[in-house]
Amino acid sequence: VLFRSLHELGKYEEANTWYDKVLTIEPSDTDSLVNKGVIFDSFGNYTEAIEWYDKALAIDPTFENALYYKGYSLMGLELPKEAIVWFDKAIELNPNDTFSLVSKSGALVNIGKYEEALTYTDRVLTMEPDNTAAWINKGAALIGLEKNNEALIWVNKVLELEPNDVLALSNK
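Before going into details, it helps to say that this report is about the structure given with it. What you see is a predicted model, and the numbers here were worked out from it, not measured in a lab.

Some words on unusual backbone geometry
Residue E78 is not a glycine yet carries a positive backbone phi of 60 degrees. Here E78 is to be found in the loop between α5 (64–76) and α6 (80–93). You can call E78 exposed: its relative accessible area is 67%. Its identity as a non-glycine residue notwithstanding, E146 has a phi of 60 degrees, on the positive side.

Next up, the structure:
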C-alpha cells in the first residue's frame, strides 16, 4: 500500500526503490513488476514499460493489469493495432473491464474503425454513464463518421464535468 501511495503521489523514484526492494525478496511479484512498468509509462518510456509488463506476463499470462498496461504502452508508441490485441486479452478475462473497453474504443478510433469503436464506448457507458474517456472516444468516433452535431453533444458532456479537458476542447 505504501508503494502504491508513493506512486500515486508522483514520488516515482521513491516508489521505484521500494518496488526494487520487493523484487529483490520476491522476484515473481507481478504487482511490483507491473507497477514498475507504470512508472516508466508515467515518463513516456513505453518500450521499457513493456519489458516490465512482459516479465509479469511471463509469470502469469492472465494477469489482467499487465495485459491492459501493455496495450496502453503500445498506444503510447502509436501502435493501436498491436494494442487492440492486448486489450482484447484483458477483455476476454474480464468482459466488464471498462479501462480495457474504453482503451480499445480509442484504439479503434485511431485506425478508423468508428462504428466498432461506438459499440465499445456504448458498452462502457451502460456500466459507467459518467466515463469521460468513453464520452471523448464516442465524440471522436462520431466525428470520424461525420456526425458532427451528435459528436458535439458528447464533447459538451465532457466539458460540463471537466471544463479544462484538453482532448474535449480540441474536439470542439
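After that view of the structure, there is still more to cover.
Points about the packing of aromatic side chains
Inspection of the entire model under this criterion finds six aromatic pairs. Pairing Y68 with Y72 gives two aromatic rings, centres 6.2 Å apart and planes at 40 degrees, and the pair type is tilted. Taken together, the residues span about one helical turn, with Y68 and Y72 both in helix α5 at a distance of four residues. A relative accessible area of 11% means that Y68 is categorised as buried. Judged by relative accessible area, Y72 falls into the partly exposed class, the value being 38%. Residues Y69 and Y72 carry aromatic rings whose centres are separated by 6.3 Å and whose planes lie at 80 degrees to one another, so their mutual orientation is edge-to-face. Note that Y69 and Y72 are positioned in helix α5 at a spacing of three residues, about one turn of the helix. Between K55 and the ring centre of W52, over which it is positioned, the NZ or CZ distance is 3.9 Å.

Thoughts on the environment of A133
Position of A133 among the secondary structure elements: in helix α9 (residues 132–144). The spatial distance from the C-alpha of A133 to the C-alpha of S105 is 9.6 Å, given a sequence separation of 28 residues.

Reading guide: rules and limits
- Residues numbered from 1 in each chain as written.
- Predicted model: local features only at pLDDT ≥ 70, side-chain atom pairs only at ≥ 80, totals over all residues.
- Heavy atoms only, no water.
- Helix = DSSP H or I, 4+ residues; strand = E, 2+ residues; numbered from the N terminus.
- Buried < 20%, exposed > 50% of the residue type's maximum accessible area, 1.4 Å probe, protein only.
- Phe/Tyr/Trp six-rings, centres within 6.5 Å; stacked < 30°, edge-to-face > 60°.
- Lys NZ or Arg CZ within 6 Å of the ring centre and 35° of its normal.

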